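Spelled out from the first residue to the last, the chains are:
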Amino acid sequence: MLITMNRKGITILLAVAAGLMPACRGQEPPSESKTRVMIPLPSPRSSGPLSLEQALSQRRSVRRFSSKPLTPEETSQLLWAAQGITEPNRGLRTAPSAGATYPLETYLATSNGLFRYRVREHALEPILTRDIRSALASACLGQSFIAQAPATLVFAAVPERTTRRYGARGRMYIHMEAGHAAQNVHLQAVALGLGSVPIGAFDDEAVSRLLQLPEGEIPLYLISIGHTP
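Figured I'd write up the structure that's included with this text. All of these numbers come straight from a predicted model, not from anything done at the bench. (Residues numbered from 1 in each chain as written. Predicted model: local features only at pLDDT ≥ 70, side-chain atom pairs only at ≥ 80, totals over all residues. Heavy atoms only, no water.)

### Considerations on the pairing of strand E8 (residues 195–199)
So, point 1. In terms of residue burial, E8 counts as a mostly covered element, since 4 of its 5 residues are buried.
So, point 2. As paired elements, E8 and strand E9 (residues 218–226) share 5 bridges and run antiparallel to each other. Across the sheet, the residue bridging to glycine 195 is glycine 226, located in E9. (Buried < 20%, exposed > 50% of the residue type's maximum accessible area, 1.4 Å probe, protein only. Helix = DSSP H or I, 4+ residues; strand = E, 2+ residues; numbered from the N terminus. Pairing = 2+ DSSP bridges.)

As structure tokens, then:
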């Protein structure tokens, strides 16, 4: 359910989600034990100053990040690039999916907690209100830059959404889709003047426990993102 609120309330929640400010007393997103709300994201843009060719030529893996947090607009644009809807009538997204089965779920870890991206609402759902970035770095075999990056996206998948139609071959389609979505994010990061790095080395069970992934959902791919020093 999407809970509506005034502009001030939305701004405060978005700032907390994106890591712009610490959660203040009386203005905290809900904890694990409270009712969860949806945090609306700013509308994404569909054009920008950087060409695709420029983004491709400038993309590099970055493992050093400044402490500057992402803005709500940057957060919105990155999540839209990952899995945003581009054809509302049929719910088609920025990344192709075999049979439009869309097995991917996208999570965002910032200094203020863990959030799930709700595609249809283009909103964030708070999952955890504590900073898990250091624990996530440990689950990723000690890659310390994950703890320093202001944001890390995690692509998880519900394989059954695709394998029930395509059988065992559906697992290959899922990994292809994760690659499509991740490349969108890397190129969008370049277009926003941000650095990003793909992460494939992690302990699957440790990441699943930390993110409290539901049964049947598995982590596939992480991307740390932020401003470069």
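### Notes on the sheet that holds strand E1 (residues 39–40)
So, point 1. Taken in spatial order, the 7 strands make up an open sheet running E1-E6-E5-E4-E7-E9-E8, and their pairing is antiparallel. The open sheet has two free edges, formed respectively by E1 and E8, since each of these has just one partner strand.
So, point 2. Of the strand pairs in this sheet, strand E4 (residues 104–110) and strand E5 (residues 113–118) are connected by 4 bridges, and their pairing is antiparallel. For leucine 108, the partnering residue across the bridge sits in E5 and is phenylalanine 115.
So, point 3. Of the strands in this sheet, E4, E5, strand E6 (123–128), strand E7 (151–157) and E9 touch helix H3 (residues 72–83), which is tilted by about 160° from E4.
So, point 4. Packed onto the sheet, helix H8 (residues 204–211) meets E4, E5, E6, E7 and E9 and runs at close to 75° relative to E9. (Contact = heavy atoms within 4.5 Å. Axes fitted to C-alpha atoms, helices over the stretch in contact; angles between N-to-C directions.)

### Examining the packing of aromatic side chains
So, point 1. According to the stated counting rule, one finds 2 aromatic pairs in the structure shown.
So, point 2. Relative to tyrosine 221, the ring of phenylalanine 155 has its centre 6.4 Å away and its plane inclined at 85°; by these criteria the two rings are edge-to-face. With phenylalanine 155 in strand E7 and tyrosine 221 in strand E9, the pair connects residues that are 66 residues apart, well separated along the chain.
So, point 3. Assessed through its relative accessible area of 0%, phenylalanine 155 is described here as buried.
So, point 4. A centroid spacing of 5.2 Å and a plane angle of 85° characterise the contact between tyrosine 166 and tyrosine 173, whose relative ring orientation is edge-to-face.
So, point 5. Lying over the aromatic face of tyrosine 102, arginine 93 brings its terminal NZ or CZ to 4.2 Å of the ring centre. (Phe/Tyr/Trp six-rings, centres within 6.5 Å; stacked < 30°, edge-to-face > 60°. Lys NZ or Arg CZ within 6 Å of the ring centre and 35° of its normal.)

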